Amino acid sequence: MSNLKITVDGVSVAVDAGTDGFGLFTSKTIVAQRVNGALKDLAYKVLEGDEIEGVEISSEDGLNILRHSTAHVLAQAVQNINPEAKLGIGPPIKDGFYYDFDVEEPFTPEDLKSLEKEMERIIRSGQRFMRRVTNEADAAKELSNEPYKLELIGLKGSELGDGAAEVGAGELTIYDNVDPASGETVWFDLCRGPHLPNTRMIGGAFSLMRSAAAYWRGSEQNKQLQRVYGTAWPTKDELRAHVGRLEEAAKRDHRRLGAELDLFSFPEEIGSGLAVFHPKGGMIRKVMEDYSRKRHEESGYDFVYSPHVTKSNLFEISGHLSWYAEGMYPPLQLDEERDENGVVRKQGQDYYLKPMNCPFHILIFKSQGRSYRDLPLRMFEFGTVYRYEKSGVVHGLTRARGFTQDDAHLFVTPETMESELTNVLNFVLGLLRDYGLDDFYLELSTREEGNPKFVGDPAVWDQATSILESVATKSGLTLVPDPGGAAFYGPKISVQARDAIGRTWQMSTIQLDFNLPERFDLEYTAADGSRQRPVMIHRALFGSIERFFGVLTEHYAGHFPPWLAPLQVVGIPVADEFNEYLYDVADVLRSKGVRVTVDSSDDRMQKKIRNHTKDRVPFMLIAGGEDRDNRAVSFRFRDGSQENGVPLEQAIERILAAIESKEQV
RNA sequence: GCCGACUUGGCGCAAUUGGUAGCGCACCGCUCUUGUAAAGCGGGGGUUGUGGGUUCGAGUCCCAUAGUCGGCUCCA
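Residues numbered from 1 in each chain as written. Chains lettered and ligands numbered in written order. Predicted model: local features only at pLDDT ≥ 70, side-chain atom pairs only at ≥ 80, totals over all residues. Heavy atoms only, no water.

Engineer: Looking at this model, I keep getting lost on the pairing of strand β35 (residues 642-647). Mind explaining?
Structural biologist: As a general feature of sheets, a regular strand has side chains that alternate between the two faces. Two strands pair when backbone bridges link them, and strand β34 (residues 632-637) and β35 are joined in this way by four bridges, in the antiparallel orientation. If you follow Val 633 over to β35, its bridge partner there is Val 646. Hairpin geometry of β34 and β35 is characterised by an intervening segment of four residues between the two adjacent antiparallel strands and by a positive phi of about 100° at Gly 640. (Pairing = 2+ DSSP bridges. Helix = DSSP H or I, 4+ residues; strand = E, 2+ residues; numbered from the N terminus.)

Engineer: Teacher, can you tell me more about the pattern of salt bridges here?
Structural biologist: Think of it this way: side chains of opposite charge can pair up when their charged atoms draw near. Here the structure, examined in full by the defined rule, presents 36 salt bridges. Two residues, Glu 546 and Arg 285, come together in a salt bridge whose shortest N-O distance is 3.2 Å. Linking Glu 546 in helix α15 (residues 545-556) with Arg 285 in helix α8 (residues 279-298), this pair joins segments that are 261 residues apart in sequence. Here Asp 499 makes a salt bridge to Arg 503, at a shortest N to O gap of 2.9 Å. For Arg 503, a relative accessible area of 23% puts it in the partly exposed group. (Salt bridge = Lys/Arg side-chain N within 4 Å of Asp/Glu carboxyl O. Buried < 20%, exposed > 50% of the residue type's maximum accessible area, 1.4 Å probe, protein only.)

Engineer: Got a minute to help me understand the protein's contact with RNA strand B in this structure?
Structural biologist: Neighbouring RNA strand B are 54 residues; Arg 210, Tyr 215, Gln 224, Arg 610 and Asn 644 lie closest to it. Atoms of RNA strand B within 4 Å of the protein belong to the sugar or the phosphate in 51% of instances, the rest to bases. Within the side chain of Arg 255, an N or O atom sits 2.9 Å from a phosphate oxygen of RNA strand B. For RNA strand B, a sugar or linking oxygen lies 2.9 Å from a polar atom in the side chain of Arg 636. When residues of the surface near RNA strand B are traced back to their parent elements, those giving at least two are β12 (206-215), β13 (224-232), α10 (320-324), α17 (605-614), α18 (625-629), β34 and β35. A total of seven residues in the surface near RNA strand B trace back to one element, the largest contributor, which is α17. Among the residues forming the surface near RNA strand B, the class breakdown is 18 nonpolar, 18 polar and 18 charged. (Near = heavy atom within 4 Å. Polar contact = N/O pair within 3.5 Å; in protein donor to acceptor, adjacent residues only side chain to side chain. Nonpolar A, V, L, I, M, F, W, Y, C, P; charged D, E, K, R; others polar.)

Engineer: Even after reading the chapter, I still don't get a nonpolar patch on the surface, so can you show me in this structure?
Structural biologist: On the surface, a cluster of nonpolar side chains totalling about 240 Å² of accessible area is made up of Val 309, Leu 332 and Leu 334. In this structure Leu 332 comes out as partly exposed when scored by relative accessible area, which is 46%. (Patch = residues over 30% accessible without salt bridge, like charges linked within 9 Å, V, L, I, M, F, W, Y side chains within 5 Å. Areas by Shrake-Rupley, 256 points an atom, 1.4 Å probe, with all protein chains shown as cover.)

Engineer: Help me understand the sheet that holds β34 in this model?
Structural biologist: The pairing of strands in a sheet happens through backbone hydrogen bonds and is either parallel or antiparallel. One open sheet holds the five strands; their spatial order is β32-β31-β33-β34-β35, and the pairing between them is mixed. Looking at strand neighbours, the two that pair on one side only are β32 (596-598) and β35, the edges of this open sheet. On average, each strand axis in the sheet is inclined to that of its neighbour by 25°, with strand direction left out of account. Contacting β31 (569-573), β32, β33 (619-623) and β34, helix α16 (residues 579-591) crosses the sheet at an angle of about 170° to β32. (Axes fitted to C-alpha atoms, helices over the stretch in contact; angles between N-to-C directions. Contact = heavy atoms within 4.5 Å.)

Engineer: What should I look at first to understand the environment of Leu 442 in this one?
Structural biologist: Residue placement: Leu 442 occurs in strand β24 (residues 440-446). A relative accessible area of 0% means that Leu 442 is categorised as buried. Along the primary structure Leu 442 and Arg 654 are separated by 212 residues, whereas in three dimensions their C-alpha atoms are 37 Å apart. Non-local contacts of Leu 442, meaning those with residues more than four positions away in its chain, are made with Leu 425, Ala 472, Ser 475, Leu 477, Thr 478, Leu 479, Val 480, Ile 493, Ser 494 and Val 495.

Keep in mind that these numbers describe shape and distance, not what the molecule does.
Structural data, given as structure tokens:
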């Protein structure tokens, strides 16, 4: 008889005692149930008053369960092949999962192949995932061979981090993998769950992607384990689509496009992480910089310049040498000179390549007495900085060792701080939109209680943080908190932008700083004649020009809009005879500031079209007899579409308009 | 910095168990060339990232170093 009243997907129903998720949900795509907000296996037996929802495999929770179960199968496969392997953790992640193992030999690509085979066998065998509640003492006994799991048991309830998939805040549980034929437990793992009912539901849409080392529990102090990354999807079509997205991202990789389109390179002779821009990349960069300068000038910024090297003293005052010395290039040591008696005649001196521009701008502020009438003072510089990034992190233009920041420092009075921040945020968003990015959210990076990295008075931090938060909230954009992510001297807002294929990039940062003004003892004279300390706002819109260049390259997949394209128009004659006509057309365009050339090489027209399409020239103007006779040209665009016989005046108008409007074509 | 993989003409690749470097594109020359993604023929170019070592002999094996790639850690 029906004696339990529960709610299923919002509908009240009465069910028999002992009813579980298998009884409530018949759809094969329901893989788990959410009971009173908590995820449970389908095997969970409902209780009076439970509010239950089915979890679809294609939902975010469903995918996580699928991937986590696949991770378990991976771990079982690893231990089947190598019983000596010790288990780390194996959580689901975006698009997939990983599992860490302590093994003697790192996994090879061949190992991954044989692991996939073993996983397929396990999946086909249809093992059931059976939840079993245990306690610390029993679990410790069962897992006595698994030192890392033992460590997690000891951590239960305290700071968990990535271990959260193994042990939750509630009961300690183990999942047994039970062979359906023999009823025997063939493998088990400490796990919070939930899981798919059985391995067969994983299906065939999974793949092991790569292996790599990873520190146990994410700390450099710990041993490195061998991590295997995999991906898993409800269907093979979704797996294929995912692989397709990865290929698309690889095709857009700015490092690859940089070489293909002859934009920039990293000559080995110069050193890791140090780029040179070739003429085409240089043109794009110049346009970016010119436009940025124009916008800064319009917005009341002053332009300043500072040298690339400085005596160590400057970064001692700023505090960078005590906090970030290992991130700076080692000093150029100017030797001291001694006379014949060994007495110092000239003191030695250390010079550093600058890793930041702020102290230089501060010195400009200090070069004279400042009045409240001078503020806000906004100093802008394309400042090239050098940071000795660790060898393993250098990555094309997005993580280089030498790069140029579009850096500005605003010196403001406490009263104008909030309005200046609002202006800066609007300025940033407007400029980013001009570069074709228009999907943003904000991140508020704050200090972490008790972390000695953060300097200064906590009360001041709180004040700064609340001002930033208020400005960010008023922008109307989504605000995501980032506790502990602040700079050592103050909190910051960063603008995150989504690119054409949905990836997010941290772009601009706006940081408040109460610390450096104090260290450098900055002052201005207030209206009442008193000496006051200004507040500094650090901000960079592109972050670094190189990085922004890389992001734009990937955003546009190399198809830069006309205003940025290094070559905007190329004339392609149908035959040599029409070169002259196209030269005339090109002259007109060039006189209006268009970057144009005529391809008068020996190649055939078809070959020229192919070459310039691959080069991503936005406008190809083709001309033959018909066009010349009618004073017209034929457009061909990068996507292969074309428009013939466009009157010359109209064609020129159109090209100029496209450049002027910064639109994409 | 740590773990692993990789490095052959400008670029992309090839070279049996170690036996003395090839191909395509690009480049140069010549001939040809009127309608939307590769004309034909010929030519030049590499002491295989660098430095050591093993060997009669090394692109192939070993060591070191630089650089690149994938992760981890880091990112003022």
